[in-house]
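The chain contents come next:
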Amino acid sequence: MPAPDAVALGDTSRLPCGWFAIDDAGTILAVNPALVRLLGIAAGDLVGRSAESLFTLESRVLYTAHALPLLKLRGELAEVTLSLHGTAGPVDALVYARREPRGDAAVSEFVVARLHERKRLEDQLLTARRAAEQVPGIVFQCQRKPDGSLGFPYLTEAVRGMYGLAPVQLRAGGERLFERIVPGQRDAVLAAMARSAEALLPWRAEYQVEHPAGVLRWHEINAAPRRQPDGGMLWHGFIADATERRALDASLRAQQVAESASRAKSDFLARVSHELRTPLNGILGFAQLLLIEDDALRPAQRRKVGHIAQAGHHLLLLINDMLDITRIEAGKVEVSIAPVDVFDVVQECVQLATPLAGKACVELSIDAPCGCRVLADGNRLRQALLNLVSNGIKYGASGGAVCVAVLAEPERVRIEVRDKGPGIAPEQLGALFEPFNRLGAERGPVEGTGLGLVITRGLVELMGGAIEVSSVVGSGSTFALLLPRAGEAQ
Ligand code: ADP
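This is a predicted model, so every value here is computed, not measured.

**Student:** Help me out: how do you make sense of the overall build of the chain in this one?
**Tutor:** Within the chain, the secondary structure is distributed over 14 helices and 17 strands. Taken over the C-alpha trace, the chain has a radius of gyration of 43 Å; the compact-globule value for 490 residues is 23 Å, which it surpasses by more than 25%. Structurally, the chain occupies a C-alpha span of about 140 × 65 × 40 Å along its principal axes. For the chain, the share of sequence-separated contacts (at least 6 apart) that also reach a separation of at least 24 residues comes to 56%. Carbon and sulfur atoms form 55% of the exposed surface of the chain, whose accessible area is close to 27,100 Å². Computed over 53 positive and 57 negative side-chain charges, the inter-centroid distance for the chain is 4 Å.

This is how it looks when you write it as structure tokens:
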């Protein structure tokens, strides 16, 4: 390593900024007093060290990968911002360098100028501007001079895409931006600006603009006003594209209208159903009385009254089912969820369905473990399961069998109602839960409304469960209720 004086460098002791010289191996040959002061490290501790070690980790990468190769290539380096290790913490500096051949080797001299506050502010401003450019929409500063003329001293680049104008075109002559607003709405936007200036309240407006691509887009402007000493006004704010948001708002409003119409319909149906039941009970009651009295009717009359009673009974079933559906749809069915012993519910349902099974000569069986519990509303679960068991009996071939099986999975429990009936054709499975769709059963002898499965599904979903169906034509169907599993009873 050559001694500093052997390098024959100029006098750097009076330089107002740091200075050091290195050889081509990167070893520091000499430093000046200003660098010693800047870093707070003695000259003796600096000379002989690798210059790389002067820099903080990030800057070291910049120094070795960028600054040094450039210096070797061009012979000089200007205005690279690097951070050096100082005893009082990192020192940000602007670094300049020059490399000069000395015989076979070369010496590089570095000048290190502490970053001034101004440069730091410039960096901050640059960062803020870059951030503003990332904001979706236009960030702006809008000025209204005392003579009423408009200008945008600052506008982000997004104005090109949204208005087809360059920021520089609007610096003076800001009116051009407002000329893009569809004519009928322009005055309202400028009137909102005037009101904002008067009341010193935010300037807010929504308006349509003919987009450079030729389509109309909704924009919203939102800016805070500030009065200027010369009597002018300055707003800081942003313009955002509100087209998608407005479309979303409109569809939400339409959905709310539809929901409230649907609620009104459900309320009406619930009331009508309720009102129909009272007179219907009268009709049914008197028809039953006529049928009970042995000698009240001739055989032909008895048959006719029998039809009245049957039709009335069907109507009552329909009204009850409709009442159930409308109450479920209107969210008026309350469920109280608690751990329910599945075996108990299955047993009760099978008992309740036994008379129906007896009439249809269907054998009922249970395949369920004891102690398995689900989170459900006991009464609603019974209603849903009974519906499925009744269907299994009604639509399973006479003389067949229906089995209620319970399968406990880790998270949930499947309660399956399996029948050995004719099954359901795959193309009909999709229509199974359509209200009033009886899949052709209306032409057969089995009484029904086509609403049972809709109610069952509604109830199960209210309890946080689901219903699944699988069926093989000729072999039978399986309807499964899936419910969250509850912990075992203590
Ligand atoms: P309903 O029994 O009052 O007609 P549901 O909603 O309970 O109404 O059932 C709708 C239709 O689905 C029935 O009419 C019947 O055609 C068919 N279905 C329901 N359960 C079964 C089953 N286990 N096997 C075959 N078909 C069934």
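More follows now that the structure is in view.
**Student:** How should I be thinking about the site of the ligand in this particular structure?
**Tutor:** Near the ligand, the surroundings consist of 18 residues, among which Asn 391, Tyr 395, Arg 438, Thr 449 and Leu 453 are the closest. Within the contact set of the ligand, an oxygen atom lies 2.6 Å away from a side-chain nitrogen or oxygen of Arg 438. Measuring from an oxygen atom of the ligand, one finds a backbone N or O atom of Thr 449 at 2.8 Å. Expressed as a share of its isolated accessible area of 530 Å², the protein-covered part of the ligand is 95%.

**Student:** Honestly, the sheet that holds strand β4 (residues 89-102) in this entry has me stumped. Any pointers?
**Tutor:** Backbone-to-backbone hydrogen bonds join strands into a sheet, with any given pair of strands oriented parallel or antiparallel. The 5 strands lie next to each other as β2-β1-β5-β4-β3, forming an open sheet whose pairing is antiparallel. Each edge of the sheet is formed by a strand with only one pairing partner; in this case those strands are β2 (28-31) and β3 (76-86). When the angles between neighbouring strand axes are averaged without regard to direction, this sheet yields 30°. Summarising the sheet, β3 and β4 pair through 9 bridges and their orientation is antiparallel. If you follow Val 80 over to β4, its bridge partner there is Val 95. The sheet strands contacting helix α3 (residues 57-74) are β1 (18-23), β3, β4 and β5 (105-114), and the helix crosses β3 at an angle near 150°.

**Student:** How should helix α10 (residues 299-329) be read in this particular structure?
**Tutor:** Along an α-helix, residues three or four positions apart point the same way, because every turn accommodates 3.6 residues. The terminal C-alpha atoms of α10 lie 45 Å apart, and with 31 residues this matches the ideal 45 Å at 1.5 Å per residue to within 8%. Inspection of α10 places Val 305, Ala 309, Gly 312, Leu 316, Ile 319, Asp 321, Leu 323, Ile 325, Thr 326 and Ile 328 among the buried residues, and these make up the whole buried set. The elements touched by buried residues of α10 are α9 (243-292) and α14 (452-462).

**Student:** Sorry, what's going on with a nonpolar patch on the surface here?
**Tutor:** Where nonpolar side chains cluster on the molecular surface, the patch consists of Phe 286, Leu 289 and Ile 292 and spans about 350 Å² of accessible area. Looking at Leu 289, the relative accessible area reads 44%, which means it is partly exposed.

**Student:** Explanation requested: the environment of Arg 217 in the structure shown.
**Tutor:** With respect to the helices and strands, the residue Arg 217 is situated in strand β9 (residues 216-227). Here the alpha-carbon distance between Arg 217 and Val 446, two residues 229 residues apart in the chain, equals 59 Å. Apart from the residues lying within four places of it in its own chain, the contact partners of Arg 217 are Tyr 207, Gln 208, Val 209, His 211, Asp 241, Thr 243 and Glu 244. Within the structure, Arg 217 has its side chain in polar contact with the side chain of Thr 243 (distance 3.3 Å). At a separation of 3.1 Å, a polar atom in the side chain of Arg 217 contacts the side chain of Glu 244.

**Student:** Help me understand helix α12 (residues 378-395) in this model?
**Tutor:** Over its 18 residues, α12 extends 26 Å from the first C-alpha to the last, a length consistent with the 26 Å expected when each residue adds 1.5 Å. By the burial criterion, the buried members of α12 are Leu 381, Ala 384, Leu 385, Leu 388, Val 389, Ser 390, Asn 391, Gly 392 and Ile 393. Its side-chain oxygen at 3.1 Å from the backbone nitrogen of Asn 379, Asp 377 defines the N-terminal cap of α12.

**Student:** Got a minute to help me understand the packing of helix α11 (residues 342-359) against α12 in this structure?
**Tutor:** How two helices pack is summed up by the angle between their axes together with the distance between the axes. Where α11 meets α12, the axes come as close as 9 Å, and the angle between the chain directions of the two elements is 35°. Here α11 and α12 pass one another in a crossing that is right-handed. In this structure, α11 contributes Val 345, Val 346, Glu 348, Cys 349, Leu 352, Ala 353, Leu 356 and Ala 357 to the contact, and α12 contributes Leu 381, Arg 382, Leu 385, Leu 386, Val 389, Ser 390, Ile 393 and Lys 394. For the contact of α11 with α12, the per-class residue count stands at 12 nonpolar, 1 polar and 3 charged.

**Student:** Before we go on, may I ask you to explain the domain arrangement of the chain in this structure?
**Tutor:** Interface extent is often summarised as the accessible area lost during association of the parts. Taken domain by domain, the chain comprises domain 1 (4-115), domain 2 (120-241), domain 3 (253-329) and domain 4 (338-484). For domain 1 versus domain 3, the separation of C-alpha centres amounts to 98 Å.

**Student:** What is the right way to look at the environment of Asn 387 in this model?
**Tutor:** Structurally, the position occupied by Asn 387 is in helix α12. Sequence separation of Asn 387 and Ala 353 is 34 residues, and the distance between their C-alpha atoms is 9.5 Å. What Asn 387 contacts, discounting residues up to four positions off in sequence, is Gly 452 and Thr 456.

About the cut-offs
Along each chain, residues carry numbers from 1 onward, in the same order as the chain's sequence is written. This being a predicted model, a pLDDT of at least 70 is required before a residue's local features are given, and a value of 80 or more before pairs of side-chain atoms are given or counted; all residues contribute to the totals for chains, interfaces and linings. By convention in this description, side-chain values take in all heavy atoms of the structure and omit both hydrogens and water. Working definition: helices are DSSP H or I runs of at least four residues, strands are E runs of at least two. Numbering for both runs from the N terminus. With C-alpha atoms as the basis for the radius of gyration, the globule rule is written as 2.2 Å multiplied by the number of residues raised to the power 0.38. Residue contacts follow a heavy-atom distance rule, with two residues in contact if any of their heavy atoms lie within 4.5 Å. Shrake-Rupley sampling with a 1.4 Å probe provides the accessible areas, and residues are treated as covered by the protein chains on show and by no other component. In this charge count, Lys and Arg are treated as positive and Asp and Glu as negative; neither His nor the chain ends contribute. For the purpose of locating charges, the reference atoms are NZ of Lys, CZ of Arg, CG of Asp and CD of Glu. Each residue is tested against the molecule or strand, and it is near if at least one of its non-hydrogen atoms lies within 4 Å. Here a polar contact is recorded for every N or O atom pair within 3.5 Å, except that within protein the pair must consist of a potential hydrogen donor and a potential acceptor, and residues adjacent in sequence are included only if both atoms are side-chain atoms. For two strands to be treated as a pair, DSSP must find at least two bridges joining them. All axes here are fitted lines through C-alpha atoms, helices being fitted over the stretch that makes contact, and every angle between N-to-C directions spans 0 to 180 degrees. Between the first and last residue of a helix there are one fewer steps than residues, each counted as 1.5 Å, and that sum is the expected span. A 1.4 Å probe rolled over the protein chains alone gives each residue an accessible area, and that area as a share of the maximum for its type sets the label: buried under 20%, exposed over 50%, partly exposed in between. Candidate patch residues must exceed 30% relative accessible area and have no salt bridge, after which like charges are joined if within 9 Å and Val, Leu, Ile, Met, Phe, Trp or Tyr side chains if within 5 Å. In what follows, salt bridge is the name for a side-chain nitrogen of Lys or Arg lying within 4 Å of a carboxyl oxygen of Asp or Glu. In this scheme, a crossing is called left-handed if the near helix is turned counterclockwise away from the far one by less than a right angle; it is called right-handed if the turn is clockwise. Residues are sorted three ways: Asp, Glu, Lys and Arg are charged, Ala, Val, Leu, Ile, Met, Phe, Trp, Tyr, Cys and Pro are nonpolar, and all the rest, Gly among them, are polar. Annotation comment: domain bounds sourced from an automatic or database domain assignment.

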